[in-house]
Amino acid sequence: MSLLEIRNLSLSIRDFEVLKGVSLSVASGEIVAVTGESGSGKSMTALAVMQLLPEHSLTSGQLTLDGTDLLASSEAEMCALRGHSVGMVFQEPMTALNPVKTIGDQVMETILVHRAMSPADARQRARDVLTRVGLPADRFPMSRYPHELSGGQRQRVVIAMAIALQPRLLIADEPTTALDVTTQAQILDLLKGLVADYGMGLLMITHDLAVVADMADRIVVMRHGEVIETGPTVELLADMKHPYTRMLFAASAHQVALPDAPAPDPLLQVQGAVRDYRLPRTQLFRPAGHFRAVKGVSFTLNRGERLGLVGESGCGKSTLTRAILGLEPLQQGSITLDGEPVFSGTRPNLAVRRKM
Amino acid sequence: MSRNLILGAMLSSLVVLAALVSFVWTPFDYTAMNIPAKLQTPNATHWLGTDHFGRDMFSMIIVGARTSIAVALVAVGIGMGLGVPLGLAAAARKGSWLDELIMRGNDLVFAFPSLVIAILITAVFGAGAINAIIAIGIFNIPVFARITRGAALSLWEREFIMAARVAGKSATRISFEHILPNVMNLLIVQGTIQFSLGILAEAALSYVGLGAQPPTPSWGRMLADSQTMVSFAPHLALIPGCAIIVTVLGLNLMGDGLRDWLDPKLRVART
Amino acid sequence: MLRYSLKRLLSLVVSLAVASLVIFFVIEVAPGDPASFMLGINAQPDTIAALRTELGLDVGKMQRYLNWVGGMLQGDFGTSYTYRTSVSTMVADRLWVSLPLAIYALALSTLIAFPAGIYAAARRGKPGDMAVMGATQLGVAVPNFWFAMMLVLIFAINLRWFGAGGFPGWDKGVWGGIHALTLPAIALALPQAAILARVMRSALLDILGEDFMRTARAKGLSRRQALWRHGVRNALIPVLTIIGLQFSFLLAGSIIIEQVFYLPGLGRLVFQAISSRDLIVVESVVMLLVFAVITVNFLVDLAYAAVDPRLRSRT
């Protein structure tokens, strides 16, 4: 008997059929990935398990967690289960935390709401769990507020809140979609580690097929509220039975057929671009400090060429782009389009700007 | 269109209509005193009764509507006319000295409630409807400036504005061609609300004698006059009071209804 | 937090300074010669000259302004022209009526509005919400002085639970004073409570749609727990702004409502001063009112920082 059993789950919201006879299961220690395009009903399935569906929802079918019939449970019973037997991590870490409460309080709240421990023990457990998710005490005391953390760090706090009571099932709805690539990898490793340590079942909703291939023990492919295909990862990837599944995976492996690069003919020249931001004054009589967002970047873009500007968040790509468009001035360096400078002094040349 | 909007529009139009009608016709001369007919409760001849001088209440009410509406309307006009450009300018030059100046100016005016401004002006220039207009109008300026700036600031971050900047449009042109139309809905709703607040403010100022002076009738002054007689002639207070309530209620309902109706577009301006 | 408070304090001082300049300009510069203004058209030149000396108008405007401010900082607001007594004494007595009244009304307004707004937000769309919305819609349309008259009619004249007006003075017992201020405070509080309840409701509804509310539910909090522990505290932030603004309206309102209840507050003082052209009194009262408003806003700014930690780390 699996940890989570969903059989023939149908969901309609105000007469719109969102889920049609969905069946899947998750066993303890197993990672099941639910994937598909937007609108396929993946998130709704997750919300159905938590019974956090929007108003005017009608569900039918079977939904059992460790033998408990979730659809027959009262709201009070569901409250007892949420956070205790099943935890959930959502997509948007930037807005998932209450801005006016400390991270310590928020993690402790999961524990205290279920009266699982005394406040002193809860505090200790919260501290341990925060360290376990990669937020050690010296750099991340419990008195930190969410706005002092980055997106990846906030997501770790959300995970900490979800696993504080070592639930048997963890649901993650697109947990890394809003994060940049390096952080994504770290969060996914964290989740894998937690599953191994705690023996939890993980139901992972994601549209990122690379993640699916890498992490999942079993894959469930959904489309328009129905399960199209399901099976163990290795088998499914080797032999995709449904044409839709094939199309989905083919699309992700798609490579754009680029035409041959023409002979180099410089169009846009960026030389030694430096962009400084003035920091607010910290002391009344000292001059304000500077933050160097772009540090002497140079490159040339030729006519007919496609240039990709890639990097993590905070690396300065958007700042540089705005400077190229003439929306922000440079402190040093130059940018010319077809030989004409984008800036004269600090004022943008509108004539040049209009050519972009 | 919601019920609010329809009901509100009906009530408001009723009052405006009454005010307009009063220019061409009133059942009785609103200044004519008729002592033998004093303190009558509503009846067939005098539809809303008479006051302590025998003047017809109905006539006084509809002429009083003129004062309330005129004062509130011009005051909102001043507030919008000066406040909106200030707000646009502040948002266009966010963080600059101009922005700081406008914001500090706003805060300063907010420290002077309309009543206090009216006191200041009246002490030096004497009482009258014009002073009421100025006092209420001045207080409206920071209201509109702040709302416009707030909405404009979020719009400046939007991509279609960035596109306009890249295309080479100046900040002033962007403010008027792109930002202003998008905040218009918000301003219409706020304008209605400020209008209703203006009616209340005018009534309060007239009540204490700082607004329109006799013989110009005003609902607030009618209430002040009725005070000593309210125990035996309550209609003298009830009728002007209800006139105020109906007008303000109508405007507020209309404002709410407008906000709901324009909501999808409001969300563009707000987010 | 300290840095934030200091910044706000600086802002307060600057606002007061600029406000005082504005008031000074309107009262003493705009009418041309305050002395002849106060004495009227028919005054004799010698009388005018005498008053000018008495008022210290012989020195330049800048000097006069500094004298005035210097005097105020020491608690000296000059001498009333009509009553020939120190303005500070006259104002102090009246202030002890107007200010407590405004604060009493603010307390009542908050006490009524918070539960009403929270209740309405929790029952959004249901009859309870509709009832609150209807009541508040009516409440904001009612002029507070008219409402006061109705209260007097019902509770003082008919039911005789309260006196119809007047104020016994605080020295005759705190309770008597509060009793006399109760009807006025209710009249002031109700329309403002209507506004505040709507703001509370709308702030809460906005918060209820936020992601962190969903996170709270996912942790196992019931709807009510989530509402109280996460919703209300966050909703306080926009609500505090309104409360700050409300105080200035309440202070102005208390001045108006004195007329209904014959209270010996700042209102009557300043209106009589206007009729008798006693500019000194007007100047001082206005300065005091503005001071009260600016100070309350400063306190609200401090309260903001207490509620919203994001304000504490940024300067």
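Before any of the text, the structure's been laid out above.
Residues numbered from 1 in each chain as written. Chains lettered and ligands numbered in written order. Predicted model: local features only at pLDDT ≥ 70, side-chain atom pairs only at ≥ 80, totals over all residues. Heavy atoms only, no water.

1. Overview of the overall build of chain B
Helix and strand counts for chain B stand at 10 helices and 0 strands. For chain B, the N- to C-terminal ordering of α and β elements is α-α-α-α-α-α-α-α-α-α. Dimensions along the principal axes, computed over C-alpha positions, put chain B at roughly 75 × 45 × 30 Å. Nonlocal contacts in chain B, meaning residues at least 24 apart in sequence, comprise 70% of its contacts between residues at least 6 apart. Taken as a whole, chain B presents about 11,300 Å² of accessible surface, with 69% of it coming from carbon and sulfur. Looking at chain B, you have 18 positive and 14 negative side-chain charges, and the mean spots of the two groups are 6 Å apart. (Helix = DSSP H or I, 4+ residues; strand = E, 2+ residues; numbered from the N terminus. Contact = heavy atoms within 4.5 Å. Areas by Shrake-Rupley, 256 points an atom, 1.4 Å probe, with all protein chains shown as cover. Lys, Arg positive; Asp, Glu negative; His and termini not counted. Charge placed at Lys NZ, Arg CZ, Asp CG, Glu CD.)

2. A short note on the pairing of strand β9 (residues 218-223) of chain A
Residues and elements named next belong to chain A. A large share of β9 lies buried, amounting to 5 of its 6 residues. Two elements, strand β3 (residues 31-36) and β9, share 5 bridges in a ladder whose sense is parallel. Bridge pairing in β9 links G36 to M222. Relative to strand β10 (residues 226-232), β9 is paired through 6 bridges, and the arrangement is antiparallel. Opposite V220, over in β10, you have T230 as the bridge partner. Between β9 and β10, which follow one another and run antiparallel, lie 2 residues, and H224 among them has a positive phi close to 50 degrees. (Buried < 20%, exposed > 50% of the residue type's maximum accessible area, 1.4 Å probe, protein only. Pairing = 2+ DSSP bridges.)

3. Side note on the packing of helix α5 (residues 151-163) of chain A against helix α6 (residues 181-198) of chain A
Each pair of packed helices gets described by two things: the angle between the helix axes and the distance between those axes. Residues and elements named next belong to chain A. Across the interface, α5 lies against α6 with an axial gap of 10 Å and an inter-helix angle of 15 degrees. Classed by the angle they form, the pair α5 and α6 counts as roughly parallel. In terms of crossing hand, the pair formed by α5 and α6 is right-handed. Contact with α5, carried on its side by G152, Q155, R156, I159 and I163, involves T183, Q186, I187, L190, L191, L194 and Y198 of α6 and no other residues of that element. Looking at the contact of α5 with α6, its residues break down into 7 nonpolar, 4 polar and 1 charged. (Axes fitted to C-alpha atoms, helices over the stretch in contact; angles between N-to-C directions. Parallel < 35°, antiparallel > 145°, perpendicular 65-115°, else oblique. Left-handed = near helix turned anticlockwise from the far one by under 90°. Nonpolar A, V, L, I, M, F, W, Y, C, P; charged D, E, K, R; others polar.)

4. Section: the packing of aromatic side chains
All told, the structure shown has 10 aromatic pairs over all chains when counted by the stated rule. Here the aromatic rings of C:F167 and C:W170 are separated by 5.4 Å at their centres, their planes lie at 75 degrees, and the arrangement is edge-to-face. Here C:W170 falls in the partly exposed class, since its relative accessible area comes to 27%. Of the aromatic side chains, those joined through ring pairs into one cluster are B:W25, B:W47 and B:F58. (Phe/Tyr/Trp six-rings, centres within 6.5 Å; stacked < 30°, edge-to-face > 60°.)

5. Concerning the interface of chain A and chain C
Listed as interface residues are 25 residues of chain A and, on the opposing side, 21 residues of chain C. Buried area between chain A and chain C, both sides added, is near 2,200 Å², and the carbon and sulfur share of it is 56%. In terms of surface lost to chain C, no three residues of chain A exceed A:F90, A:V100 and A:E109, which account for 24% of the buried area on that side. Our count for the chain A to chain C interface comes out at 3 salt bridges. Here A:E109 and C:R229 are joined by a salt bridge, their closest N and O atoms 4.0 Å apart. At the boundary of chain A with chain C, the tally comes to 11 residue pairs in polar contact (both at pLDDT 80 or more). Put simply, the parts of the chain that give the side of chain A that touches chain C at least two residues each are α2 (75-81), β6 (86-89) and α3 (103-113) of chain A. (Buried area = accessible area lost by both parts, 1.4 Å probe. Salt bridge = Lys/Arg side-chain N within 4 Å of Asp/Glu carboxyl O. Polar contact = N/O pair within 3.5 Å; in protein donor to acceptor, adjacent residues only side chain to side chain.)

6. Description of the interface of chain B and chain C
With 37 residues of chain B in contact, the opposing surface of chain C contributes 42 residues. Across the chain B to chain C interface the summed buried area is about 3,500 Å²; carbon plus sulfur atoms make up 82%. Taken together, the connections running from chain B to chain C amount to 1 salt bridge. Two residues, C:R198 and B:D256, come together in a salt bridge whose shortest N-O distance is 3.6 Å. Applying the counting criterion to the chain B and chain C interface returns 3 residue pairs in polar contact (both at pLDDT 80 or more). Listed by contribution, the elements that provide at least two residues to the side of chain B that touches chain C are α3 (97-110), α4 (114-125), α7 (171-207), α8 (219-226) and α9 (235-261) of chain B. Among the elements that line the side of chain B that touches chain C, the one with the most residues is α9(B), at 10 residues. Split by residue class, the side of chain B that touches chain C holds 29 nonpolar, 7 polar and 1 charged.

7. Some points on the sheet that holds strand β8 (residues 201-205) of chain A
Residues and elements named next belong to chain A. Taken in spatial order, the 6 strands make up an open sheet running β6-β7-β8-β3-β9-β10, and their pairing is mixed. In the strand order of this sheet, the two ends are held by β6 and β10, each with one partner. The sheet shows a mean angle of 15 degrees between the axes of neighbouring strands, taken without regard to direction. Looking at chain direction, β6 and strand β7 (residues 169-173) are connected through 4 bridges and run parallel. In the strand pairing of β7, V86 is matched with L169. Contacts from helix α1 (residues 42-50) reach β3, β6, β7, β8 and β9 within the one sheet, and its direction differs from that of β7 by about 145 degrees. With respect to the sheet, α6 is in contact with β3, β7 and β8, its orientation differing from that of β8 by roughly 155 degrees.

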